[in-house]
Amino acid sequence: MSDDTHAEAVQERFARTAAQMIERERARRELLRTELRQFVPLNGSERVLDSGTGTGALALALAPLVRQVIGLDVVEELLEHARTAAEGLDNVSFVKGDATALPFGPGSFDLTACNRTLHHIARPDIVVAELARVTRLGGRVLVIDQIAPVDPLAALELDRFERARDPSHTRLLPDIDIRALLEANGLVLRASRQEQEERDLDSYLDLAGCEGEQRAEAAALAPARMLATVGWYLAAKPLPR
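Predicted model only: the values in this text are computed from it and were never measured.

## Some thoughts on the overall build of the chain
Stage number 1. Within the chain one finds 9 helices and 7 strands.
Stage number 2. Split into buried and exposed, the 241 residues of the chain put 52% on the buried side.
Stage number 3. Across the chain, contacts joining residues at least 24 apart in sequence account for 77% of those joining residues at least 6 apart.

This is how it looks when you write it as structure tokens:
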């Protein structure tokens, strides 16, 4: 699949399932905010970028904890939902843009982040490089994403299922690859953790708008137990010595 074709698949998939995504985001917002408080040291003065914001899950969870949040996404339909959800919040804004070519100058943010975005991007290395570029010296980069199993065969089978469920899926990165991307961009890992997320197959297929023959194909490829591993990574952009 070419980059242009994949970008079209991403936009079509998320535009079609925006309503389901916003319901899920609302239900999980307080839990996500609690997890962010525990994982990311914040003093309330931060300017934050949420790249690949979708319906604004991360941006809206962070809003009460920081000075300003900008959410960026390539899918306008998702941004419209995010803007509606942000009504009444004066420190959150949403802009259309490409996570692989951020429209911000170097060092524009204290904290940059992407939440469950890398496995929908053809070039996750560029996304991380862009996050690092627009983070100030002394700032931090937060990556949250489902990660691949250590066993390469299990990872291959899981990706096959995920692509059958959702054509916008590219590849789950293993833990070692995410760490390597951070290191390659001069970022120093400060904290990491992994959590297990139990999923109901039917609800998970619904979330992707997976129906008809596509749904039957995906269900046939589904793991016996729908247990996803989600990794959290907080890295610093060190000050020069």
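## Overview of unusual backbone geometry
Stage number 1. The backbone of R116 sits at a positive phi, close to 55°, despite the residue not being glycine.
Stage number 2. The residue R116 is located in the loop between strand 4 (109–115) and helix 5 (124–133) in this model.
Stage number 3. Relative accessible area serves as the criterion here: at 22%, R116 is assigned to the partly exposed category.

## Digging into helix 6 (residues 152–165)
One turn of the α-helix equals 3.6 residues, which is why residues spaced by three or four share an orientation.
Stage number 1. Compared with the 20 Å implied by 1.5 Å per residue over 14 residues, the 20 Å span of helix 6 between its first and last C-alpha is a close match.
Stage number 2. Sitting at the amino-terminal end of helix 6 is D151, which places a side-chain oxygen 3.0 Å from the backbone nitrogen of L153.

## Details of the nonpolar core
Stage number 1. Counting 28 residues, the largest nonpolar core has L36, F94, L142 and W232 as its most contacted members.
Stage number 2. Mapped by element, the contributors of at least two residues to this core are helix 2 (18–39), helix 3 (57–62), helix 4 (76–85), strand 3 (92–96), strand 4, strand 5 (135–146) and strand 7 (227–236).
Stage number 3. Broken down by element, this core gets its largest block of residues, 6 residues, from helix 3.
Stage number 4. Apart from the residues lying within four places of it in its own chain, the contact partners of F94 are T53, G56, A59, L60, G71, L79, A82, R83 and A86.
Stage number 5. Counting 18 residues, the second-largest nonpolar core is a separate cluster that includes V128, L173, L181 and L182.

The rules behind the values
Residues numbered from 1 in each chain as written. Predicted model: local features only at pLDDT ≥ 70, side-chain atom pairs only at ≥ 80, totals over all residues. Heavy atoms only, no water. Helix = DSSP H or I, 4+ residues; strand = E, 2+ residues; numbered from the N terminus. Buried < 20%, exposed > 50% of the residue type's maximum accessible area, 1.4 Å probe, protein only. Contact = heavy atoms within 4.5 Å. Expected span 1.5 Å × (residues − 1). Polar contact = N/O pair within 3.5 Å; in protein donor to acceptor, adjacent residues only side chain to side chain. Core = buried A, V, L, I, M, F, W, Y, C linked by side-chain atoms within 4.5 Å.

As far as function goes, none of this settles anything; it's purely spatial.
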